[in-house]
Structures are given as structure tokens and as C-alpha cells.
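# Results of the structural survey
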Amino acid sequence: MSTEEHPAEPVKERTGAAPRSLAESLRTRDDASLSALLRARPDLITPVPTDLTQLATRAGTRASVVRALERLDRFALQTAEALAVAPEPATYDELLALMAGDDRDPAVTGALPQALGTLREQALVWGADDRLRLVRTARELLAPSPQHPSPTGLGPTVAEATSGMSPGRIQEIVTAAGLPTTHDAVSAVTSLTGLFTDRTRMSALLDEVPADALEVLSRLVWGPPYGQVTADPAPRLRRLLDCGLLLPTAPGTVVLPREAALHLRAGRAHRETEPLPPAVEPAATHRPPMVDATAAGQAYTALATVEELLKDWDEGGPTVMRAGGLSVRDLKRTAAALDVTEPVAAFWIELAYAAGLLASDGEAEERYAATPGYDEWMERPAAERWARLATAWLAGTRTAGLVGGRDAKDRTLSALGPGLDRSAAPEVRHRVLALLGTLPEGASAAPDSVLARLHWERPLRGTQPPGTAAPGTRVPTDDLRSRLARWTLSEAESLGVTGRGALSSHGRALLGLPAVAAQDTEPSGPGDKLPAHKRHHPAAEVPRAPRSPAERAADASHAARLLAPLLPEPLDHVLLQADLTAVAPGPLRRPLADTLGVLADVESKGGATVYRFTPGSVRRALDAGRAAADLHAFLAAHSRTPVPQPLTYLIDDVARRHGHLRIGAASAYVRCDDDAVLNEILADKRSAGLRLRRLAPTVLAAQADPATLLDGLRAMGFAPAAESAEGDVLITRAHAHRTPPRTAPEPVPEGPPVPDATLLGAAIRAVRAGDLASTTPRKTGPATAPAGEGGLPRTGSAETLATMQAAVLTGETVWIGYVNAEGAATQRVIAPVRVEGGFVTAYDHTADEVRTYPLHRITGVAELADEQA
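Residues numbered from 1 in each chain as written. Predicted model: local features only at pLDDT ≥ 70, side-chain atom pairs only at ≥ 80, totals over all residues. Heavy atoms only, no water.

## Focus: the overall build of the chain
- When helices and strands are tallied, the chain shows 34 helices and 25 strands.
- When contacts within the chain are restricted to residue pairs at least 6 apart in sequence, those whose partners lie at least 24 apart make up 66%.
- Carbon and sulfur atoms make up 54% of the accessible area of the chain, which amounts to about 41300 Å² in all. (Helix = DSSP H or I, 4+ residues; strand = E, 2+ residues; numbered from the N terminus. Contact = heavy atoms within 4.5 Å. Areas by Shrake-Rupley, 256 points an atom, 1.4 Å probe, with all protein chains shown as cover.)

Put into C-alpha cells, the structure is as follows:
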């Protein structure tokens, strides 16, 4: 921080006079400063305040102050905590002494102006450098009290600790401390405070204290400052009590006064002051092409997993539980089908839901199924499909990592169920990936350093409210923000945003981060440490305004273009082998993959997918309406190797027997032209459960339904075909089940959204106009309109009309009271331009536009003072 940014002399207000309140301080700000305040604290303009006084009042409410404190970084929060224990008002030098200590830590000295500027910008501190004031609500939250210890570990001041003490006892303490007695308790407390804040005299007093008594003070100096004593304290404690170094606060309880503790701390308010954020340290460095290739492989796997999930639920997925969500049993079944663990399966299910590819169908027996958007998504190029998944993950508030946990009512949180939204998730994901972007290209981050950085940036987020944490308490590593960060690192790797833990080039584009120059990213060798100037990239450190929807769409499109060349091209062929398997050496084109998925079963996955042909899989293709000749032609057209003879025999053999038996509804029957086959079925003991009996030489009747009969005969090794009432073979193609049109779930916002430039400009104009109406001086004297209830001017209708007509002729600006159709009363500053037909047309300074007002709704009118007109 340069000396120009923080001059040595106290900052003066632009008005030349020190503000007496936060509202007056806000009136000295320009539009840019007010915009920064409203952007940092968007809750202040929801709704837009009428004037700056209301804005200041809203900025001091407990809910708003707590929200603002939660968004401070650790050093800015420590600065606010120091102001909470400083005298009010405090000078900049007093604040610097509390933060930097007697040795004037240069790092703290250099960082303090920026931290103080942040507190000023957010209206948590106001006043010039010679009269700094912390907003009263913030002081109440951060100042020490017996119920809420201060994070600084400091106790009450001498004046606060002796407020209930008898005057005689105070005089005894003053005398024991070597000070002259006074005539009243107030001057005695002032004298004792002066002793404790005078470094020379305080050092002399401590030199007279025995070493064992000083050891007692050392245990209280960094907090908590309270201790317990017996009714007959030991001599070392008696000495401390006599000279006021320990003051009684309740029977059996003593406290170390704040002024004495600060002397023992060498003036520091905090044991550890953290002016600089901890660096995000590289864990390993890889070649950028390797990172991109690894991330692209993960992206392809992500697409394949989501496709497999929705294909598994294509005819209708699991039922929706009564309380909403997926049952534990269905989650386990889905995890087994995807060959992943249950938490990973929950992530893919939630990702498909967030992308709008999956939803409930809303029918009486509600089930999960793919949406019509899934079919549209499948028609897109692979890179665009990945971009849709990645953007949905990045912006979504549903948190799959919570699945299996418990909510506040001790209910299990289920996948696709309620209670999984966490509004902080998008911010944490963006920030974690942005921190990865600060490293050189190809470098992965040590997770602990990422967590440490996040804790420094938001030390209060997800922890105790301000003022309730014990002194010196560190944020636990299992808080929500830390868990979100760890889940982000894992999910980003699974999704292909990162590769080998490093941010990929398409991941960087997805975040809208600038590309890193090649000459700045090449590691000097495996294991070599990076030069200091290459460790971080400031472009990712600078906080950016939220991206607009158009910018996010452009970022996703750019990421897709970068990813597309890295994804494998779909193949139109397989390699048939003599062991009744087919090897797909890469991803297959969709028509080929769909047909092969019906004709064969997937045996293994990986870089190459292995399909196995079985009698059941061939029968499945025949049931779908394919003829044996079609299957032979399909295999010959898409195999780079000759079709093996065993596969040809398998298809012909299953086709020859397929449909030889016909099953229809009688309840159910079996008919066959070959009565020997029916005799074989009747003789088979496995057919006993079907309860078959012969009706004719070529017809058997069954007690089972057609579907059960069909499955039973197939289990016995036959290849029956179902037929219709007309005797035609039924083709049993699978019918895809789709939900009605569904939109992707909306993220749950974390408080009011950050206003854009248009809203900010309109809000500031409205606030300033309202402030002008409420603070503009009016003329005094006999002509002044008397103010009625609510401070509005009150004049008769004739006087109102005459004043308006005169203002039109002279061009003067007047102050009016106005009651709208809903009965709401407001005051406005207007410049009348026309009065006719019972209406006045005027330029309304409050609304910054020309408006027309009915005269009968104007309560009164008053002229403005000459210097303000």
C-alpha cells in the first residue's frame, strides 16, 4: 500500500466537518463509493431505501451486520475485533498499535489501510482517521462480555470491571498500586487506567510483583481472561488483587483488566495477526498436455456414466419415496449397475437432475425417468454435452456429498430428496477452482493449503456467530465450507474439469479465467521447485463481478471448443473374436452402440469395451424385430475382422428355434406344430409350476399368465415367441419412458443477488433524491407551512394552488407532502411546470423524472430555503 493511499495525517471528510452519524458519513460519499457498498452488501437495497438515513439504519441492523461480518477475510475481521476493544472513537494510531503491537510489524502496517478501507467501504466503520467508529451493532457482537468472550481473548476495561465496586475498595487498590488517593471513584479509576496504559510505570509495577504471581498473569493474558479464586486467596493472588492487576467480577471470579493484558501482550489485540492470506502451495507439477488429456478422459467417462445411468432408467426408473427422493435400496442397485460406490452414484444422479436430464414423471405411481431434454442432449456433440453437465454442476446448490447424512430433524438425507441444497456450494466451487487457477498451468494444489486459504477468506462462514467463538479457537476442518471444498476437488476430477488435480485448459475457460502463457507454465523438471514469480497468477486472485448469463454461456461454449479436439472420435466398427466377443477399441457411434447393446451384453469396460454374444442376447435382438439375415448383415458391415463361424452358428441356431413355440392369452397357451416338442415340455419337471395341460396335439394350456409362461420356458432352454390375438408374432421393443417437459432445478440463492450496474444506478438516484427531499432546508418565518403528522407540510387547498402557480411562473423548486392511492404518505421535492385541470405536472427530484400529481392528494406545500432552491 503506497503512502498516497494512506497518508500519514488523519483523513479529513470532504465536507470539512466530522460526521456525527453513519448517515452523515454516507452523505459524504460519491456514487462510486455507494455503489461499492451496495454491491458488497446487496441486502441493503432489498427493497430500495427511501433515503440515506434509512440506508444507514438498515446497515446497522443485526442481521445485516452479521451477514457483512461473515464475508470479511480474517485480517479485516481481526481489524474489526481490534476496534471493538479500542476506545471509542479511536485514532488510526491506536488501531495500528493494537494490530501491529509495540514492534510495529511491517506486514501488518502495510496491510492495515486496505483492511480498514474494506470496513469503511462496507459501512462497518465510519469517521476520519482521527475518529474511527465501529458500527454499534458490530461492537456489540465483537466486544468482550462474560456471556460472549471476544476472539481477542481480552476482558473488560478497568472502568467496566470496577463499575459495581465500592468507592472504598477502589481507593484501597489505588493506594496499593502506589497512586495517590482521590476524592471520588471516577478519578480513582481514571488514575488506575492511566497507570496500566503507561508502559514505563506499568513495567515498574510489574517488577515489584513476585515471579509466581506473574506466572498467574501469563495464564490469563491471551484468554480466557477470567479465573477462579477461593475466599482466602494465596499470597501471590492477594498481591495481584491488592494492586488491581486482577479485579473481582463475581464471588470467586476474577478478571485480568484489558489495559493490563495489552501491556503484557506488547500492545497486540491478537496473539496471531494474519495480514496476508496463506499461499496455495503446489503439490505436484505435470505437463499441461498430460493434464488436459487426463481431464478429457475423465470427461468422456462422465458422459458415458450419465448415459448408462439414464439408459438403465430408460423404461422408467425407481419409484419416488413418499417423503421424496431415492430409497437406499434403489441407490445401491444403481451403484451396482454403474459399478461405482454409492456416494459416487449419488453424485451422478444429482448431476443428471441438476442438468435437467432426469426428473419424476408426476404420475400416480411416481417414478424417476429421463426428461425430453435428455433426448435433445443426446443429439449434441460430446463436448457440448459435457459443457452442459459442467455448468450445471458449477452453478447448482444441490450437494450430493450430503446424501446419507442427517438433517436437523435427524432424518436421513436421500439422493434426489429434499434438504440437499446448500447456498454456499456455488461460491465454494468457483473459489476452489479459481485458487487452482492461481497456480502455474499443470500444477495441482495441496488440499490442506486450499482449505487454509478458504478459512482465511471466510473465517466466520459456517461457524459460530460473531462473538461466540472461544479465544484462539481454530475453524474445524469438518465444517460445511471445508467439506464443500473437499467435495469440489473430488467432483471436479470425476467430471474432467481437472486432470491429475490440476485445472485443465477447458476448466479454466469454463470459469472465464484468462489462459496462462506457455512460457510461464513449463516446469523446469520433475520435482523442481517453481520460481517465486511463477507460483501464482494474480489474474485469478482479483475478485471479479458475477458473470452474466450471456458471459457464462460464452465461457461454456469456449470450454467445449477446447475440449472437443481432446475427446476420442466415435468409431463405426468393432473387432469380432472367435470366443463370441466383440471388442470396441473406443467410443462407438450412437446407432452402432444402441444396436450392439441389444445384440450383446457388456462384459467389461475401460479403454476398450468388450461385448459378449449369448443365446439370450441374440434372442433379445430377435424379439426386437431383427431377422437373422439382418443380424448377419449388421455384423459384417461393422466388423474389421471376419465374422467368426461360432457367432454365425449361434445366430442361426437361436433364430431357427425362435418363434417355434407360440404363446398367447387363454389364460395362456402354448402351441407348436411339432407335438414332440410339447411332449418334451410336459415331461420336464421344471414345467410343473406352470401347470400345463394338453388341449390338442399341438396346444397346451397354462394357469400362468403369458409373461410368466414366456419366462419359464426360456429358463428351460426353449426360445418361444409371444403372439397377438390374431396369431401374429409380437415384437417386444423396449419403449422409452419420458417425463413431461421439465426444467432443471433452480439453485437456492444465498441472500439477495448482487445488483447489476443498471439497478445500482437507479437505486442510488432514488436514495439521493429521497435524501434531498428529507434533508433540504425549508424557509422559516410566517410563510412556512406547518408540518402535520409524519413531518409532511400542511396547507389549505387554495394556498397550495396559489403556491404551485407561483412556482410555475418563477421556476422555483418546492417541497410537498403527497398521499398516494394506497394511503402511503411521502415527501417530495418538485419543480412545477404546469398546473391545470386539478393536476400539477412537475419534475420530481425524488424520482428523477417528470410526473403528474392530483392536487387533492397534496397535503401541503412549502418553499425551499434560498440557498437550496
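From this point, the discussion proceeds with the structure in view.
## Considering the packing of helix H17 (residues 328–338) against helix H18 (residues 342–354)
- Put simply, H17 and H18 touch, their axes get as near as 9 Å, and they point 95° apart. When the axis of H17 is compared with that of H18, the two are roughly perpendicular. Listed contacts from H18 to Leu-331, Lys-332, Thr-334 and Ala-335 of H17 are Glu-342, Ala-345, Ala-346 and Ile-349.
- Here the residues of the contact of H17 with H18 sort into 5 nonpolar, 1 polar and 2 charged. (Axes fitted to C-alpha atoms, helices over the stretch in contact; angles between N-to-C directions. Parallel < 35°, antiparallel > 145°, perpendicular 65-115°, else oblique. Nonpolar A, V, L, I, M, F, W, Y, C, P; charged D, E, K, R; others polar.)

## Considerations on empty space enclosed by the protein
- Tallied over the entire structure, the rule returns 3 cavities of 30 Å³ or more.
- Of the volumes computed, that of the largest cavity is approximately 110 Å³.
- Lining the largest cavity are 13 residues, and of these Glu-350, Ala-354, Trp-393, Arg-398 and Arg-429 lie nearest its centre.
- In terms of residue count, the dominant contributor to the lining of the largest cavity is H18 (4 residues).
- Across the lining of the largest cavity, the residue classes break down as 6 nonpolar, 3 polar and 4 charged. (1 Å grid on protein atoms, 1.4 Å probe; cavity = no way out; pocket = protein on both sides within 12 Å on 5 of 7 lines; lining within 4 Å. Points joined across faces, edges and corners; volume = space filled by probe spheres on them.)

## Points about the packing of aromatic side chains
- Under the defined criterion, the tally for this structure stands at 4 aromatic pairs.
- Ring geometry for Tyr-818 and Tyr-853: centres 4.8 Å apart, planes at 70°, overall edge-to-face. Taken together, the positions of Tyr-818 in strand E21 (residues 814–819) and Tyr-853 in strand E24 (residues 849–854) put the pair 35 residues apart, joining distant regions of the chain. When sorted by exposure, Tyr-818 lands in the same class as Tyr-853, which is buried.
- The ring of Trp-377 is capped by Arg-385, whose NZ or CZ atom sits 5.4 Å from the centre of that ring. (Phe/Tyr/Trp six-rings, centres within 6.5 Å; stacked < 30°, edge-to-face > 60°. Buried < 20%, exposed > 50% of the residue type's maximum accessible area, 1.4 Å probe, protein only. Lys NZ or Arg CZ within 6 Å of the ring centre and 35° of its normal.)

## Here's the deal with unusual backbone geometry
- Cis rather than trans, the peptide bond between Thr-46 and Pro-47 has omega equal to 0°.
- Within the secondary structure, Pro-47 is located in the loop between helix H2 (31–40) and helix H3 (52–59).
- Residue Pro-89 follows Glu-88 across a cis peptide bond; omega there is -5°.
- Along the chain, the position of Pro-89 falls in the loop between helix H5 (74–85) and helix H6 (92–100).
- You will see that Arg-500, though not glycine, has its phi angle at about 55°, which is positive.
- Topologically, Arg-500 is positioned in the loop between strand E10 (498–499) and strand E11 (502–503).
- The phi dihedral of Arg-691 is positive, around 55°, even though this residue is not glycine.
- For Arg-691, the position within the fold is in the loop between helix H31 (675–683) and strand E18 (693–696).

## Examining the side chain of Ser-617
- Residue placement: Ser-617 occurs in helix H28 (residues 615–623).
- By relative accessible area, Ser-617 is classed as buried at 0%.
- A polar side-chain atom of Ser-617 sits 2.8 Å from the main-chain carbonyl oxygen of Leu-599.
- Leave out the neighbours within four places in its chain, and Ser-617 touches Val-598, Leu-599, Ala-600, Asp-601 and Arg-612. (Polar contact = N/O pair within 3.5 Å; in protein donor to acceptor, adjacent residues only side chain to side chain.)

## A few points about the sheet that holds strand E4 (residues 247–250)
- Here 3 strands make up an open sheet; going across it, the order is E3-E5-E4 and the pairing antiparallel. The open sheet has two edge strands with one neighbour each: strand E3 (226–228) and E4. On average, each strand axis in the sheet is inclined to that of its neighbour by 40°, with strand direction left out of account.
- Direction of pairing for E3 relative to strand E5 (residues 253–255): antiparallel, over a ladder of 3 bridges. If you follow Gly-227 over to E5, its bridge partner there is Val-254. (Pairing = 2+ DSSP bridges.)

## Here we look at the environment of Asp-479
- Position of Asp-479 among the secondary structure elements: in the loop between helix H22 (447–457) and helix H23 (480–495).
- For Asp-479, a relative accessible area of 6% puts it in the buried group.
- A distance of 2.5 Å separates a polar atom in the side chain of Asp-479 from a polar atom in the side chain of Ser-482.

## Things to note about the confidence of the model for the chain
- When the pLDDT values of the chain are averaged, the result is 83; 87% of them are 70 or greater.
- A low-confidence stretch, residues 462–476 (pLDDT under 50), is modelled with 27 contacts involving residues beyond four sequence positions or located in other chains.
- Within the model, the stretch residues 781–785 combines pLDDT values under 50 with 6 contacts to residues more than four positions away or in other chains. (pLDDT = per-residue confidence, 0-100.)

## Things to note about the sheet that holds strand E12 (residues 575–577)
- What the 4 strands build is an open sheet, ordered E12-E13-E15-E14; its pairing is antiparallel. Since the sheet does not close on itself, it has two edges, and those belong to E12 and strand E14 (601–604), each with one partner. When the angles between neighbouring strand axes are averaged without regard to direction, this sheet yields 30°.
- Where E12 and strand E13 (residues 581–584) come together, 3 bridges link them in antiparallel fashion. Note that in E13 the partner of Leu-575 across the bridge is Val-583.

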